[in-house]
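# Report on the structure
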Amino acid sequence: MGELEDAVMTRVWKWNRPVTVREVLEDLQQERSIAYTTVMTVLDNLHQKGWVRREAEGRAYRYEAVSTRAAYAAALMNDAWSQSDNPAAALVAFFGMMSDEQRRALRDAVRIVQGPETSEPAPETSADSTASDTSTPDTTAADTTEENPGSAPGGPGR
C-alpha cells in the first residue's frame, strides 16, 4: 500500500464506518493540499484491490474497510516472513528489534493463541492398569477464528 493509500485507509479504519470521498478529502486537507479527484481515485484503487467495499449513495459512494488494520499488518508480516530462506533466523532478528513493550505484547498474543494450558493426566501407578487416552484435542484460538490475517483482501503489495 502506498503512502497516500495508507493515509486514506488510516481514516477509514479510524472512523470505522462507511465514509464519503468528501469526508476523507476534508480531513486530508488539514495536512496537505489534495484534490477531490485524487482522493476519489485512491478510494477507487483501494476498492479494486479489495481493501474497501463501496455502496452507492445518490451519485456518490460510501466506502467501508473490508478488513482491519491489524489484519493488514499481520499480512505484511506473514508475507515478509514467508520470503525468508531461514524463517527461524528471521524471527530471531525480528524479536531482537522489538522493544520491551512489544515483547510483552508478543507474549500476550502467544498466550491468547495457545489458549488455556491443559495439564496432562497423572500417570497411573498400578502395574496392572492399562493407560487409556482420555485427552481431548488441543483447540487454539486460531482453530475457532473465522478471519485469517494472512489472507487479508488483496494481500500485501497487490
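A brief look at the structure comes next.

What counts, and at which threshold
Each chain has its residues counted from 1, running along the sequence as written. With the structure being a predicted model, the display of local features is reserved for residues of pLDDT at least 70 and the display and counting of side-chain atom pairs for 80 or more, all residues being used for whole-chain, interface and lining totals. Note: side-chain values were computed over all heavy atoms of the structure, leaving out hydrogens and water. In this text, helices come from DSSP runs of H or I with a minimum length of four residues, and strands from runs of E with a minimum of two, each type numbered from the N-terminal end. Burial here depends on accessible area, computed with a 1.4 Å probe over protein chains only, as a share of the maximum for the residue type. Under 20% is buried, over 50% is exposed, and the range in between is partly exposed. Accessible surface area values rest on a Shrake-Rupley calculation with a 1.4 Å probe, where residue burial reflects the displayed protein chains alone. The contact rule is simple, with two residues in contact once any of their heavy atoms fall within 4.5 Å. Any pair of nitrogen or oxygen atoms within 3.5 Å is treated as a polar contact; in protein, a donor-acceptor pairing is required on top of that, and neighbouring residues in sequence qualify only through side-chain atoms on both sides. Within this document, salt bridges are pairs made up of a side-chain nitrogen of Lys or Arg and a carboxyl oxygen of Asp or Glu, the two lying within 4 Å of each other. Here, axes are lines fitted to C-alpha atoms. For helices the fit covers the stretch in contact, and angles between N-to-C directions go from 0 to 180 degrees. Note on angle classes: values under 35 degrees are labelled roughly parallel, values over 145 roughly antiparallel, values of 65 to 115 roughly perpendicular, and the remainder oblique. In this classification, Asp, Glu, Lys and Arg are treated as charged, Ala, Val, Leu, Ile, Met, Phe, Trp, Tyr, Cys and Pro as nonpolar, and every other residue, Gly included, as polar. Here, any two strands with at least 2 DSSP bridges between them count as paired.

Our next topic: the overall build of the protein. Helices and strands together make up the secondary structure of the protein, namely 7 helices and 2 strands. Along the chain direction, N to C, the helices and strands of the protein fall in the order α-α-α-β-β-α-α-α-α. Counting all 158 residues of the protein, 21% fall into the buried class. Taken as a whole, the protein presents about 11300 Å² of accessible surface, with 51% of it coming from carbon and sulfur.

With that settled, the discussion passes to the environment of Asp27. Locating Asp27 in the fold gives a position in helix H2 (residues 21–28). With 16 residues separating them along the chain, Asp27 and Arg11 place their C-alpha atoms 8.3 Å apart. Ignoring anything within four residues of it in the chain, the contact list for Asp27 reads Arg11, Lys14 and Trp15. A polar contact of 2.7 Å, which involves the side chain of Asp27, links it to the side chain of Arg11.

So, on to the pattern of salt bridges. Here the structure, examined in full by the defined rule, presents 12 salt bridges. With its nearest N and O atoms 2.9 Å apart, the salt bridge here joins Asp100 to Arg103. In this pair, Asp100 and Arg103 both sit in helix H6 (residues 100–114), 3 residues apart, roughly one turn of the helix. Judged by relative accessible area, which is 49%, Asp100 ranks as partly exposed. Bridged by salt links that share partners, the residues Arg17, Glu23, Glu57 and Arg62 form one connected network.

The N-to-C vectors of helix H1 (residues 3–15) and helix H3 (residues 36–48) enclose an angle of 85°; their axes lie 10 Å apart at closest approach. When the interaxial angle is binned, H1 and H3 end up roughly perpendicular. Of the residues in H3, those in contact with Leu4, Glu5, Val8 and Met9 of H1 are Thr38, Val42, Leu43, Asn45 and Leu46. Of the residues contributing to the contact of H1 with H3, the split by class is 6 nonpolar, 2 polar and 1 charged.

Strand residues, when the strand is regular, have side chains that alternate between the two faces of the sheet. Summarising the sheet, strand E1 (residues 52–57) and strand E2 (residues 60–65) pair through 6 bridges and their orientation is antiparallel. The residue bridging Ala56 from the neighbouring strand is Tyr61, located in E2.

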